[in-house]
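Next come the chains, spelled out residue by residue.
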Amino acid sequence: VTDRIGITSSRDILAAIADERGPEKCLVALGYAGWDAGQLEQEMASNTWLSGPADPEILFRTSDAERWKAAAASIGIDLDLLSGDAGHA
């Protein structure tokens, strides 16, 4: 992701974390996401996703409950101003 942040699904790294031999800071996330060929690229091109820089402060020092808001704020978006309603203007 950056020169200081990486993503892995390596079982060896997970075992090292469990044995306290892993990275100094880590965030373990479990889940599944799947896309058809080209779907993610199309969604990114359509601005369907919010994307921003990887910020260690947000990733490792912000509570789970506040992380989403902090990440959005880092790219100038106040989630409190967004509506959950959809429609046509």
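Residue numbering note: each chain is counted from 1, following its sequence as written. Local features in this predicted model are restricted to residues whose pLDDT is 70 or higher, and side-chain atom pairs enter the listing and the counts only when it is 80 or higher, whereas totals over whole chains, interfaces and linings include all residues. For the side-chain quantities, the full set of heavy atoms in the structure was used; hydrogens and water were omitted.

Participant: Would you mind showing me how to read the side chain of Arg 67 here?
Facilitator: Checked against the element boundaries, Arg 67 lands in helix H4 (residues 64–73). Residue contacts are defined here by distance: any two heavy atoms, one from each residue, within 4.5 Å place the two residues in contact. When neighbours within four sequence positions are excluded, Arg 67 is seen to be in contact with Leu 27, Ile 58, Leu 59 and Thr 62. In this text, helices come from DSSP runs of H or I with a minimum length of four residues, and strands from runs of E with a minimum of two, each type numbered from the N-terminal end.

Participant: Even after reading the chapter, I still don't get the pattern of salt bridges, so can you show me in this structure?
Facilitator: Side chains that differ in charge, positive against negative, can pair when their charged atoms come close. We define a salt bridge as a contact between a side-chain nitrogen of Lys or Arg and a carboxyl oxygen of Asp or Glu at a distance within 4 Å. On inspection of all chains with the given rule, the structure shows four salt bridges. The closest approach of N and O atoms between Arg 21 and Asp 19, which form a salt bridge, is 3.3 Å. Only protein chains enter the accessibility calculation, which uses a 1.4 Å probe. A residue is then buried if its area is under 20% of the maximum for its type, exposed if over 50%, and partly exposed in between. Judged by relative accessible area, Arg 21 falls into the exposed class, the value being 58%.

Participant: Looking at this structure, how should I read the packing of aromatic side chains?
Facilitator: Pairs of aromatic rings are described using the distance from one ring centre to the other and the angle between the two planes. In this scheme Phe, Tyr and Trp rings, the latter by its six-membered ring, pair at centre separations within 6.5 Å, and the angle between planes marks the pair as stacked below 30 degrees, edge-to-face above 60, and tilted otherwise. Counted according to the given criterion, the structure contains one aromatic pair. Residues Trp 35 and Trp 49 carry aromatic rings whose centres are separated by 6.1 Å and whose planes lie at 55 degrees to one another, so their mutual orientation is tilted. Here Trp 49 lies in the loop between helix H2 (39–45) and helix H3 (56–61) and Trp 35 lies in the loop between helix H1 (11–18) and H2, a separation of 14 residues in the sequence.

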